[in-house]
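Coordinate analysis (summary)
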Amino acid sequence: MADYSPVRGCIVFRPEGFAIWENIVAELDRRIKRTGARNAYFPLFIPESFIRKEASHVEGFSPELAVVTHGGGKELEEPLIVRPTSETIINHMFAQWIKSYRDLPLMVNQWCNVVRWEMRTRMFLRTSEFLWQEGHTAHATREEAEAETLTMLEVYRAFCEEFLAIPLIVGRKSAAERFAGALETYAIESLMGDGRALQCGTSHFLAQNFSRAFEIRYLDETNQWQYVWQTSWGVSTRLLGALIMVHGDDQGLRLPPAVAPVQAVIVPIWRKPAERDSVLEAAQRGILALTQAGVRCHLDDRAGITPGFKFNEWEMRGVPLRIEIGPRDVAAGEATLARRDGAGSASKVKSPLDRLPESVGALLDDIQKSLFRAAKDAMDAQTHEPKDFNGLAEQMEGEGGGGLAYVYWCGNPACETKIREETRATCRAIPLAQSAPPQSCIVCGEESRERAFFAKAY
Ligand code: ZN
């Protein structure tokens, strides 16, 4: 799916990997536009002075910045930052575009690459350059901006669970885990097969931090100047890492059908040359019918490669469904369908050749659901509610330790720090709806009204 590049910290997306990202982009873009945001594009380079305008923003990003000091053979008068995120340059433009309450809300989204210099890199999860979308919105009131933050959180949740079949925990971040410059950060988090959590997307309520720094004001209905209220939200190519780690097994990738570039592959099987024509003809008819039904399918008619080798290769690539057509199948007017999410011969079923689109459609729907269910069961099995600090420490202990710990935490940063330092687990999310009665904090014993998910994270 990808290779490391000659530049440390960067990766090359191979066609197999990039096709998955393209499907993510296409579907998420549709869902984002449905909320009213429109796409725009802002420059890669940002004047260094822009980054300094919002104090906590520069503090959060300065160690990770890539800075351009020379261009055209000369030293630049002002260094340029390669965008780590586009808040500053977009807000610079918002200040020029927004004059009146009639210009609001202003909602833009951008698909682009960003650069955050990383010392430790991990394929898809932590790379110096990555691809993402970043949405930026400006609203007349605090309530509208807060509602937008939660709308996007829900868009991300639904997208990940429905399209990527990745179960999540959803909630707000603790102050320590918040985005630099945000008043509140909300996140979706998933749990990888190895028991470590991965932040899959964030939605930030920025309040007026940036509008005050960038003078983004509008004249309200009574002709008074007001600062706008803002949000920003994004997901990145990290989602590819989540897909691999949540659904992968010992044979390789397992792609949910919704996002799979190839949903079904037909492997024709013959021994004698005399069988070849009728098998290939049936396979081609199958491809035609599936394509017409909207199934993304591929005919693997490569010569000189055994069916067994082809099976392994498509399994490794995660194609959800394999369709085998041999001479006996043709004679019986059937095909053999093998699910990637199942195991052994139990996962094989027969379908009449002339009903292939219906059979494949139903199986793809079922595979999508079963992958989500399997991932959800795995997450639930690794979610615990330790009763005391020792229990929490034991859960996180050693290489095999991990999973989600759902514990009462009083909200005091000192207790959070103690958990991080002694167990390496960090606060991943504080669920928004909390109904259980207050209990004592797992660290200090003080009354605690909220429970939070802690986990070791990527
Ligand atoms: Zn406490």
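Below, the structure is looked at part by part. In this text the structure is predicted, and so the values were computed from the model without any measurement.

1. A look at the coordination of the zinc ion
The protein atoms that coordinate the zinc ion are Cys410 (SG), Cys415 (SG), Cys441 (SG) and Cys444 (SG), at distances spanning 2.3 to 2.4 Å. Here the zinc ion is ringed by four donor atoms whose angles at the metal span 104 to 118°, and the overall shape comes out tetrahedral. When the donor residues of the zinc ion are listed from N- to C-terminus, their spacing reads C-x4-C-x25-C-x2-C. Under the relative-accessibility criterion, cysteine 441 is labelled buried at 5%. A residue is classified by how much of its surface remains accessible, and cysteine 444, at 37% relative accessible area, is partly exposed.

2. A look at the packing of helix α8 (residues 273–292) against helix α11 (residues 356–381)
Relative orientation of the contacting elements α8 and α11 amounts to 60°, with a least axis distance of 9 Å. The angle between α8 and α11 falls in the class oblique. For the pair α8 and α11, the crossing hand works out as right-handed. In this structure, α8 contributes Gly286, Ala289 and Leu290 to the contact, and α11 contributes Leu356, Pro357 and Val360.

3. Description of the packing of helix α1 (residues 15–34) against helix α7 (residues 238–247)
Where α1 meets α7, the axes come as close as 10 Å, and the angle between the chain directions of the two elements is 110°. Between α1 and α7, the interaxial angle falls into the category roughly perpendicular. Residue-level inspection shows Gly17, Ile20, Trp21 and Ile24 of α1 in contact with α7, the latter providing Leu239, Leu240 and Leu243. For the contact of α1 with α7, the per-class residue count stands at six nonpolar, one polar and no charged.

4. Things to note about the nonpolar core
Counting 42 residues, the largest nonpolar core has Ile20, Ile24, Leu28, Phe159, Leu164 and Leu239 as its most contacted members. Those elements giving two or more residues to this core turn out to be β2 (11–13), α1, β7 (106–115), α5 (142–163), β10 (184–191), β11 (197–207), β14 (229–236) and α7. Beyond its immediate stretch of four places on either side in the chain, isoleucine 24 contacts Asp29, Phe159, Phe163, Leu164, Leu239, Leu240 and Val259.

5. Section: the packing of aromatic side chains
Describing an aromatic ring pair means giving the distance of the ring centres and the angle of the ring planes. Counted under the stated rule, the structure contains eleven aromatic pairs. With a centroid separation of 5.8 Å and 45° between ring planes, the pair formed by phenylalanine 13 and phenylalanine 124 is classed as tilted. Taken as a pair, phenylalanine 13 in strand β2 and phenylalanine 124 in the loop between β7 and β8 (129–139) lie far apart in primary sequence, 111 residues in all. The exposure class of phenylalanine 124 is buried, given its relative accessible area of 5%. Their ring planes at 15° and their centres at 4.2 Å tell us that tyrosine 406 and phenylalanine 453 sit as a pair that is stacked. Here the residue tyrosine 406 occupies a position in strand β21 (residues 404–408), and phenylalanine 453 occupies one in strand β25 (residues 451–455), the gap between them amounting to 47 residues. Look at tyrosine 406 and you get buried, because its relative accessible area is 15%. The class of phenylalanine 453 is buried, set by a relative accessible area of 11%. Sitting over the face of the ring of phenylalanine 50, lysine 53 holds its NZ or CZ atom 5.2 Å from the ring centroid.

6. Details of the sheet that holds β21
Across the sheet, which stays open at both edges, the four strands sit in the order β20-β21-β25-β22 with mixed pairing between neighbours. Only two strands of the sheet have a single neighbouring strand rather than two, namely β20 (383–384) and β22 (426–429). Bridge analysis of β20 against β21 gives two bridges, and the strand direction is parallel. Across the sheet, residue histidine 384 finds its bridge partner in β21, namely alanine 405. Strands β20, β21 and β25 of the sheet are contacted by helix α12 (residues 389–396), whose axis makes an angle of about 165° with β21.

7. Overview of the environment of alanine 55
Structurally, alanine 55 can be placed in helix α3 (residues 55–61). Once the C-alpha coordinates of alanine 55 and phenylalanine 210 are considered, the two residues, 155 residues apart in sequence, prove to be 9.8 Å apart.

8. Structural notes on the side chain of glutamine 368
Relative to the assigned elements, glutamine 368 resides in helix α11. Within the structure, glutamine 368 has its side chain in polar contact with the backbone oxygen of glutamate 162 (distance 2.8 Å). Residue contacts for glutamine 368: discarding those within four places in its chain leaves Glu162, Phe163, Leu164, Ala165, Pro256, Pro257 and Ala258.

9. Structural notes on the pairing of β7
The element β7 is extensively covered by neighbouring structure, given that nine of its ten residues are classed as buried. Bridge analysis of strand β3 (residues 38–39) against β7 gives two bridges, and the strand direction is parallel. Note that in β7 the partner of asparagine 39 across the bridge is asparagine 109. Strand direction decides the pairing type here: β7 and β8, joined by ten bridges, are antiparallel. If you follow asparagine 113 over to β8, its bridge partner there is leucine 131.

10. Quick notes on α7
Counted residue by residue, α7 has eight buried out of ten residues, so it is predominantly covered. All of the buried residues along α7 are Arg238, Leu239, Leu240, Gly241, Ala242, Leu243, Val246 and His247.

11. Digging into the sheet that holds strand β4 (residues 45–47)
Taken in spatial order, the three strands of this open sheet run β4-β6-β5, and their pairing is antiparallel. Of all strands in the sheet, those bounded by a partner on one side alone are β4 and β5 (66–71). Mean inter-strand twist for the sheet, computed between neighbouring axes without regard to direction, equals 50°. In the sheet, β4 pairs with strand β6 (residues 74–82) via three bridges, with the strands oriented antiparallel. Opposite phenylalanine 45, over in β6, you have valine 82 as the bridge partner.

How each quantity is defined
- Residues numbered from 1 in each chain as written.
- Predicted model: local features only at pLDDT ≥ 70, side-chain atom pairs only at ≥ 80, totals over all residues.
- Heavy atoms only, no water.
- Donors = N, O, S within 2.8 Å, 3.2 Å for Na, K, Ca; no water.
- Tetrahedral: all angles 85-135°; square planar, octahedral: opposite > 155°, others 65-115°.
- Buried < 20%, exposed > 50% of the residue type's maximum accessible area, 1.4 Å probe, protein only.
- Axes fitted to C-alpha atoms, helices over the stretch in contact; angles between N-to-C directions.
- Helix = DSSP H or I, 4+ residues; strand = E, 2+ residues; numbered from the N terminus.
- Parallel < 35°, antiparallel > 145°, perpendicular 65-115°, else oblique.
- Left-handed = near helix turned anticlockwise from the far one by under 90°.
- Contact = heavy atoms within 4.5 Å.
- Nonpolar A, V, L, I, M, F, W, Y, C, P; charged D, E, K, R; others polar.
- Core = buried A, V, L, I, M, F, W, Y, C linked by side-chain atoms within 4.5 Å.
- Phe/Tyr/Trp six-rings, centres within 6.5 Å; stacked < 30°, edge-to-face > 60°.
- Lys NZ or Arg CZ within 6 Å of the ring centre and 35° of its normal.
- Pairing = 2+ DSSP bridges.
- Polar contact = N/O pair within 3.5 Å; in protein donor to acceptor, adjacent residues only side chain to side chain.

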